[in-house]
Amino acid sequence: MSQTDRRKVFVCYHHDKDQKYKNQFVRMMGDDIVDKSVEDGDIDPNIKTETTRQKIRDDFIADATVTVVLIGPCTWQRKHVDWEIGSSLRKTKKNSRCGLLGILLPNHPDFKKETYRSRLIPPRLADNCKGDDPYACIYDWPGQQATDQIRKWIHKAFKRRDATPPDNSRDQFGRNRTGSCSDGWSY
């Protein structure tokens, strides 16, 4: 990927559990991406839910071209992850649609397994990984020496964003889901 192909990437993840992987991802990718992610303290936690959603959409995702979901064991439960994926899939006057991909982290129970259980994946991401021509793909965390591989994944997601229609039909989470992180949510 040349400097002109540098992508604006929104990294979506469980802030409390997977911050170290997010930091590692941004370091690994270096100048290949522009990190558009929300960091702790960027949004006042006391504002209304709809204002939070709007700020995420308009201040962070608005000019991103690809959303990378880092999938740890509890990521499927998080309302902000659901909102961020949903906003990434919306094409509006202010926001173009983002390409979408997921990366299973080493702490995920399905990491390095032949298949993953969709109930342990953020539901909106899982919806977009179905069929012969899915909008999104999920990969295993490749380790620190695999920036070339991740660049290819990001480029493929960027190209898919206008070629395959996404599924954004699921109702947004109203709150975080509960249950054991490794058991998944029945939906």
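Higher on the page you've got the structure.
Remember, it's a predicted structure, so these values are computed and weren't measured experimentally. (Residues numbered from 1 in each chain as written. Predicted model: local features only at pLDDT ≥ 70, side-chain atom pairs only at ≥ 80, totals over all residues. Heavy atoms only, no water.)

What follows is about the layout of surface pockets. As a volume, the largest pocket reaches approximately 470 Å³. Broken down by element, the lining of the largest pocket gets its largest block of residues, five residues, from helix α3 (residues 79–89). Looking at the lining of the largest pocket residue by residue, the classes come out as eight nonpolar, six polar and nine charged. (1 Å grid on protein atoms, 1.4 Å probe; cavity = no way out; pocket = protein on both sides within 12 Å on 5 of 7 lines; lining within 4 Å. Points joined across faces, edges and corners; volume = space filled by probe spheres on them. Helix = DSSP H or I, 4+ residues; strand = E, 2+ residues; numbered from the N terminus. Nonpolar A, V, L, I, M, F, W, Y, C, P; charged D, E, K, R; others polar.)

It is worth spelling out the nonpolar core at this point. If you look at the biggest cluster of nonpolar residues, it comprises 44 residues, and the most contacted ones within it are Phe25, Val68, Leu70, Leu101, Leu125, Trp141 and Ile154. Looking at this core, the element that brings in the most residues is strand β3 (residues 66–71), giving five residues. (Core = buried A, V, L, I, M, F, W, Y, C linked by side-chain atoms within 4.5 Å. Buried < 20%, exposed > 50% of the residue type's maximum accessible area, 1.4 Å probe, protein only.)

Taken as a whole and assessed by the stated rule, the structure comprises 11 salt bridges. One salt bridge connects Asp63 with Lys8, and the closest N-O pair in it is separated by 3.1 Å. Residue Asp63 is found in the loop between α2 (49–61) and β3, and its partner Lys8 is found in strand β1 (residues 7–12); the two are separated by 55 residues along the sequence. For Lys8, a relative accessible area of 32% translates into the label partly exposed. Two residues, Lys36 and Asp63, come together in a salt bridge whose shortest N-O distance is 3.0 Å. Here Asp63 lies in the loop between α2 and β3 and Lys36 lies in the loop between β2 (33–35) and α2, a separation of 27 residues in the sequence. (Salt bridge = Lys/Arg side-chain N within 4 Å of Asp/Glu carboxyl O.)

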